[in-house]
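One letter stands for each residue in the lines below.
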Amino acid sequence: MSTTAEQPAPASAQRSGIPLSVYVHLPWCVRKCPYCDFNSHRAPAELPETAYIDALLADWALAAADENRPIDTVFFGGGTPSLFSAEAIGRILAALDARLGLSSDCEITLEANPGTTERTRFADLRAVGVNRLSLGIQSLDNDCLSALGRIHGAAEALAAIDDARAGGFTAINCDLMFGLPGQTHARAMADIDGIIEREPGHISYYQLTLEPNTPFYRQPPALPDDDAVVEIFERAGERLRSAGYAQYEVSAWAQPGKACRHNENYWRFGDYLGIGAGAHGKRTRADGHIERSARQRWPTGYMSVAGRPASIAESRLLDEDDACFEFLLNGLRRRAGVTRNDYEQRTGLDWQALGTTLAQPIAQGLVAFDRQTLRATERGWRFLDTILAEVLP
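**So, the packing of aromatic side chains**
Working step 1: Summed over all chains, the structure comprises 16 aromatic pairs.
Working step 2: Summarising the aromatic geometry, the rings of Tyr266 and Tyr272 are spaced 4.7 Å apart at their centres and angled 70° between planes, so their arrangement reads as edge-to-face.
Working step 3: Judged by its relative accessible area of 21%, Tyr266 falls in the partly exposed class.
Working step 4: By relative accessible area, Tyr272 is classed as buried at 12%.
Working step 5: Chaining the aromatic ring pairs together yields one cluster made of Phe269, Phe327, Tyr343, Trp351 and Phe369.
Working step 6: A cation sits over an aromatic face here: Arg126 above Phe169, 5.9 Å from the ring centre.

Here's what the structure looks like:
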């Protein structure tokens, strides 16, 4: 474990006013996709569901020991959380509620992949409290899905959306990727049109990237060139806006009132407790320090030490430079940018000093800054790396 030296507590930190979320990592998939760099693992013949949930509950007792805030959002990510039974998900939610309490309008999201769910499973998940689904559609083109190593086809993807609605879900996100192997402009537009036709409240639309330590990175597939990718993204954006979706973050589009509150909490530098193998957390401690932590990555190792300090692979406190950089790294992804209240409350830093730090990108017209808000301009949104370089620790 590595820990930084103690830093002065931010004078203006007000933990009670910072929302608290919980991220729960369920690490197994039917098959590992060649582009995926998440902490996910091919599921064994028999999933150790009970043992893993027992470990999560022990981990939860450790993670929440110094907390008293209610939980505003919960996100079950993976891996493929829909491999777990509704009963197991219900056990976790009951433990979260018993310790800190789920807010009356708590957003509870679970990731699901077509091919690992059916209508009855969705109804069971809805019955135990899950109220939002994030479906890993990725594409509606069978050739592209095959190239991505997905276990489902287009028909299963569309059926999953219909089954989710039949199971009682009204809040549905569809993950869709672009810049795929063999993807033409026409194929990409067919994907976006096919998803829009199903009218999910939220669409996450993001470019395939070749991440280190993945098969795609070691043996890159043939991908559309940069100009083609830009054209796809811009034309898809036009279609989404025409259909009533607003781009509220770089890769997130939503109908009115359907933005993902859990992800908004990340982007606004809120707090979240992470439990599960490899889960990350960020919280403002009672003394005002901001702490980042991560759990042991390997599921078997994690289960053997869950609930004990040995389960924490990393813990560090952010200094002022780290806090400023991380706040902007997340917040400038939002169309609305960041507010003075969020910045000062959640970092303990001075707003006017931020204007001095960003003097050059402000002068270049990359960001707009006034007494209450900071946001990337239309031009600046395309050059976030340039802006962030000004505050890189």
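**Digging into the pairing of strand S4 (residues 71-78)**
Working step 1: Extensive coverage of S4 is indicated by the burial of seven of its eight residues.
Working step 2: Relative to S4, strand S1 (residues 20-26) is paired through six bridges, and the arrangement is parallel. Bridged to Val24 within S4 is Phe76.
Working step 3: One ladder, built from five bridges, connects S4 with strand S5 (residues 102-112); its direction is parallel. Its bridge partner lying in S5, Ile71 is registered against Leu102.
Working step 4: Between the parallel elements S4 and S5, the chain passes through helix H2 (residues 86-99) in a crossover that is right-handed.

**Focus: the sheet that holds strand S15 (residues 338-339)**
Working step 1: An order of S15-S17-S16 is seen for the three strands of this open sheet, with the pairing classed as antiparallel. With one partner strand each, in any of the chains shown, S15 and strand S16 (367-369) form the two edges of the open sheet.
Working step 2: Strand direction decides the pairing type here: S16 and strand S17 (residues 373-376), joined by three bridges, are antiparallel. Its bridge partner lying in S17, Phe369 is registered against Leu374.

**Let's talk about the side chain of Gln183**
Working step 1: Turning to its location among the elements, Gln183 is positioned in the loop between strand S7 (172-178) and helix H6 (185-198).
Working step 2: Exposure remark for Gln183: the relative accessible area of 5% places this residue in the buried category.
Working step 3: A polar side-chain atom of Gln183 sits 2.8 Å from the main-chain amide nitrogen of Gly179.
Working step 4: Excluding residues within four positions of it along the chain, Gln183 makes contact with Cys144, Met177, Phe178, Ala188, Asp191, Pro224 and Ile232.

**Remarks on the state of the cysteines**
Working step 1: Per the stated rule, a full pass over the model turns up zero disulfides.
Working step 2: The thiol sulfur of Cys260 is not disulfide-bonded, and the nearest other cysteine sulfur, from Cys106, lies at 12 Å.

**Examining the packing of helix H11 (residues 320-331) against helix H12 (residues 340-347)**
Working step 1: For the pair H11 and H12, interaxial distance at closest approach is 10 Å and the crossing angle is 140°. When the axis of H11 is compared with that of H12, the two are oblique. Our pair here, H11 against H12, has a crossing hand that is right-handed. Listed contacts from H12 to Ala323, Cys324 and Phe327 of H11 are Asp342, Tyr343 and Thr347.

**Observations regarding the side chain of Asp191**
Working step 1: Relative to the helices and strands, Asp191 resides in helix H6.
Working step 2: Despite being buried, Asp191 has no salt bridge partner; Arg187 is the closest side chain of opposite charge, sitting 8.3 Å away.
Working step 3: Sequence-distant contacts of Asp191, that is, excluding residues within four places in its chain, are made with Gln138, Ser139, Leu140, Asp141, Leu176 and Gln183.

**Here we look at the nonpolar core**
Working step 1: Counting 63 residues, the largest nonpolar core has Trp60 and Phe76 as the members making the most contacts within it.
Working step 2: With seven residues, H2 is the single largest residue contributor to this core.
Working step 3: When neighbours within four sequence positions are excluded, Trp60 is seen to be in contact with Val22, Ile71, Ala95, Leu96, Arg99, Leu100, Leu273 and Ile275.
Working step 4: In terms of nonpolar packing, the next biggest core, distinct from the first, is built from 24 residues, Val338, Trp351, Leu374 and Trp381 among them.

Definitions and limits used
- Residues numbered from 1 in each chain as written.
- Predicted model: local features only at pLDDT ≥ 70, side-chain atom pairs only at ≥ 80, totals over all residues.
- Heavy atoms only, no water.
- Phe/Tyr/Trp six-rings, centres within 6.5 Å; stacked < 30°, edge-to-face > 60°.
- Buried < 20%, exposed > 50% of the residue type's maximum accessible area, 1.4 Å probe, protein only.
- Lys NZ or Arg CZ within 6 Å of the ring centre and 35° of its normal.
- Helix = DSSP H or I, 4+ residues; strand = E, 2+ residues; numbered from the N terminus.
- Pairing = 2+ DSSP bridges.
- Right-handed = clockwise from strand over helix to strand, strands pointing away.
- Polar contact = N/O pair within 3.5 Å; in protein donor to acceptor, adjacent residues only side chain to side chain.
- Contact = heavy atoms within 4.5 Å.
- Disulfide = S-S within 2.5 Å.
- Axes fitted to C-alpha atoms, helices over the stretch in contact; angles between N-to-C directions.
- Parallel < 35°, antiparallel > 145°, perpendicular 65-115°, else oblique.
- Left-handed = near helix turned anticlockwise from the far one by under 90°.
- Lys, Arg positive; Asp, Glu negative; His and termini not counted.
- Salt bridge = Lys/Arg side-chain N within 4 Å of Asp/Glu carboxyl O.
- Core = buried A, V, L, I, M, F, W, Y, C linked by side-chain atoms within 4.5 Å.

In short, geometric facts, not functional conclusions.
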